[in-house]
Amino acid sequence: MALKRNVGFWQGLKYKGGGPMWAWILHRLSGLSILLFVGLHVIGAFLTAQFGSDVGIAINVIYEAWWFQLFVYFGIIFHAVNGLRIIILDFWPALLEYEREAIWASWFVILPIYFLAAFSIITHALGG
Amino acid sequence: MQRRIPARAFSFEYIMWMFMRISGLTMSILALVGIGYALYIGARTQMDMGTLLRWTFFPIGTHVAASDIAVLEQWINPFWTIMQYVMILFAITHAFNGFRMVVEDFMGAGWGTQLFRGLVALLWLFSLFIAFNIIQTSGAI
């Protein structure tokens, strides 16, 4: 039996959960996006290889576009580093006391890696 | 309303909970191995970001042949084929279980959940079939 929750979407957004709440939301959002985009990419590759279909090429033109990659990279890097944080906290529950600090630490890992990757992508896209 | 807490047991949910952690850790390690090897064979000066990431996540034939440098002879061996299979098996299972967890958070219990789980299982098998087919036909080994 599931919990009965009379909480709407907009009400839910007002919940002041802070860092852990946003990490939770972003983790789910990035996970679902990766499933969608990489799934489409794989299906596109399959269609192109097996049937020579143009649909696969059309999908991959979008998927491989540099502005689209900026989103994909963020999703993957965030999901990976935040996932490692979850693994560490789950296997050593004593550390849960420092969950907020752990989330700050994970952002200090995510942002430099992401901006390095984004810098490389953008200079490559604009500089040719 | 009292929330009913499931008894601790070696249940499906527990196994999947454990699987999500273990596969996440495994995929991180596999990705680091891929990045490490790509850098070792000269990614720093000879690959762009896309090629490096192809090496990282899914070094199949079409991906590697799309890069600027001829690395095929360093890549066609059973080690990288095994890497591809392990990576794609973990990735697809991790992804569809995550999808199932997110959706079931918005579902009650009942026959709808069972139906949904059946659909996810079918999608999971279908994706595995497609991905294995891509690995087989990509010119590996």
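Overview of the structure. (Residues numbered from 1 in each chain as written. Chains lettered and ligands numbered in written order. Predicted model: local features only at pLDDT ≥ 70, side-chain atom pairs only at ≥ 80, totals over all residues. Heavy atoms only, no water.)

## Observations regarding the packing of helix α2 (residues 19–51) of chain A against helix α7 (residues 111–137) of chain B
Closest axis-to-axis distance for the α2 of chain A/α7 of chain B pair is 10 Å, and the angle between their directions is 50°. The orientation of α2 of chain A with respect to α7 of chain B, classified from their angle, is oblique. Taken as a pair, α2 of chain A and α7 of chain B cross one another with a handedness that is left-handed. Contact with α2 of chain A, carried on its side by Val42, Ile43, Ala45, Phe46 and Gln50 of chain A, involves Ile130, Asn133, Ile134 and Thr137 of chain B of α7 of chain B and no other residues of that element. (Axes fitted to C-alpha atoms, helices over the stretch in contact; angles between N-to-C directions. Helix = DSSP H or I, 4+ residues; strand = E, 2+ residues; numbered from the N terminus. Parallel < 35°, antiparallel > 145°, perpendicular 65-115°, else oblique. Left-handed = near helix turned anticlockwise from the far one by under 90°. Contact = heavy atoms within 4.5 Å.)

## Digging into the packing of helix α1 (residues 12–40) of chain B against helix α6 (residues 78–104) of chain B
All names here are of chain B. Contact geometry for α1 and α6: axes closest at 9 Å, N-to-C directions at 140°. In terms of orientation, α1 lies oblique with respect to α6. Considering only the axes of α1 and α6, their crossing is left-handed. Of the residues that constitute the contact of α1 with α6, the class distribution is 16 nonpolar, eight polar and three charged. (Nonpolar A, V, L, I, M, F, W, Y, C, P; charged D, E, K, R; others polar.)

## Observations regarding the environment of Glu104 of chain B
Residue and element names in this part refer to chain B. Relative to the elements of secondary structure, Glu104 occurs in helix α6. Spatially, the C-alpha atoms of Glu104 and Arg117 are 9.1 Å apart, while their sequence positions differ by 13 residues. Apart from residues no more than four positions distant in its own chain, Glu104 is found in contact with Glu13, Thr113, Phe116 and Arg117.

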